[in-house]
Amino acid sequence: MIQYQVSFGDAVSRAFSSYCCFKGRASRSEYWWFVLFNVIIGIALSILGKLTGSTNMQQVLPNLFSLAVLFPNLGLVWRRLHDVGLSGAFYLWSIIPSIITGIIAAIFSISLLSGSRSTLLIVLLACSGLITLIAAIVVFVKLCKPSQPAPNKYGDVPNLTEA
């Protein structure tokens, strides 16, 4: 038995067909092909927005696409982490610090608008940004790991076929 790599089209199709599925496993090729799809479409929409000449369209089109693929991405990351033997909730290690950093950045922006400068907010923003970066790197490394070669508690090995 060997694990075959899914094609670009199959990966995109699988991501959208199981967009809210948080059970099972997703292979490394399935995940990274879908990431490439997101990058290509994001760049194309940004270029299309620039060609319209409207600054609003430069932001609206990629943001609408990001919103459209939010749940397919989340489900795929969840299943990919299952494939390497981790709970999908491990992804929260990168999401939660990002949210905290965003909140601190918003508070910092409001304080700048009111004319005050808080050294504490600058330090908090720098620390939370660093924690977010470290968490994102850890999750990225886990997403790059190969599939566990045997069935695990999350399911069978994906894309397994007879040799």
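Residues numbered from 1 in each chain as written. Predicted model: local features only at pLDDT ≥ 70, side-chain atom pairs only at ≥ 80, totals over all residues. Heavy atoms only, no water.

All told, the structure shown has three salt bridges when counted by the stated rule. Between Arg 14 and Glu 30 there is a salt bridge; the shortest N-O distance is 3.4 Å. Pair noted here: Arg 14 is in helix 1 (residues 8-17) and Glu 30 is in helix 2 (residues 28-52), with a separation of 16 residues, a long-range link. When its relative accessible area of 24% is taken as the criterion, Arg 14 is described as partly exposed. A relative accessible area of 4% places Glu 30 in the buried class. Its salt-bridge partner being Arg 80, residue Asp 83 comes within 2.6 Å of it at the nearest N-O pair. (Salt bridge = Lys/Arg side-chain N within 4 Å of Asp/Glu carboxyl O. Helix = DSSP H or I, 4+ residues; strand = E, 2+ residues; numbered from the N terminus. Buried < 20%, exposed > 50% of the residue type's maximum accessible area, 1.4 Å probe, protein only.)

On the surface, a cluster of nonpolar side chains totalling about 630 Å² of accessible area is made up of Leu 130, Leu 133, Ile 134, Ile 137, Val 138, Phe 140 and Val 141. A residue is classified by how much of its surface remains accessible, and Leu 133, at 49% relative accessible area, is partly exposed. (Patch = residues over 30% accessible without salt bridge, like charges linked within 9 Å, V, L, I, M, F, W, Y side chains within 5 Å. Areas by Shrake-Rupley, 256 points an atom, 1.4 Å probe, with all protein chains shown as cover.)

So, about the nonpolar core. Of all hydrophobic cores here, the largest spans 16 residues; its most connected members are Phe 34, Leu 76 and Leu 143. Elements that contribute at least two residues to this core include exactly helix 1, helix 2, helix 3 (55-68), helix 4 (70-83) and helix 6 (119-144). Considering each element in turn, this core owes the most residues, four residues, to helix 2. In contact with Leu 76, other than residues within four places in its own chain, are Ala 15, Ala 26, Glu 30, Tyr 31 and Phe 34. (Core = buried A, V, L, I, M, F, W, Y, C linked by side-chain atoms within 4.5 Å. Contact = heavy atoms within 4.5 Å.)

On to the packing of aromatic side chains, then. Two aromatic rings, taken as a pair, are described by how far apart their centres are and by the angle between their planes. Using the criterion set out here, one finds nine aromatic pairs in the structure. Ring geometry for Phe 22 against Trp 78: centres 5.6 Å apart, planes inclined by 85 degrees, an arrangement best described as edge-to-face. Of this pair, Phe 22 sits in the loop between helix 1 and helix 2 while Trp 78 is found in helix 4, placing the two residues 56 residues apart along the sequence. Judged by its relative accessible area of 28%, Phe 22 is partly exposed. Aromatic rings pair up to connect Phe 8, Phe 16, Trp 33, Phe 34, Phe 37 and Phe 65 into one cluster. (Phe/Tyr/Trp six-rings, centres within 6.5 Å; stacked < 30°, edge-to-face > 60°.)

Turning our eyes to something else, we now look at the side chain of Thr 132. Note that Thr 132 resides in helix 6. Here Thr 132 falls in the buried class, since its relative accessible area comes to 16%. A polar atom in the side chain of Thr 132 sits 2.8 Å from the backbone oxygen of Ser 128. Residues in contact with Thr 132, not counting those within four places in the same chain, are Pro 97, Ser 98 and Thr 101. (Polar contact = N/O pair within 3.5 Å; in protein donor to acceptor, adjacent residues only side chain to side chain.)

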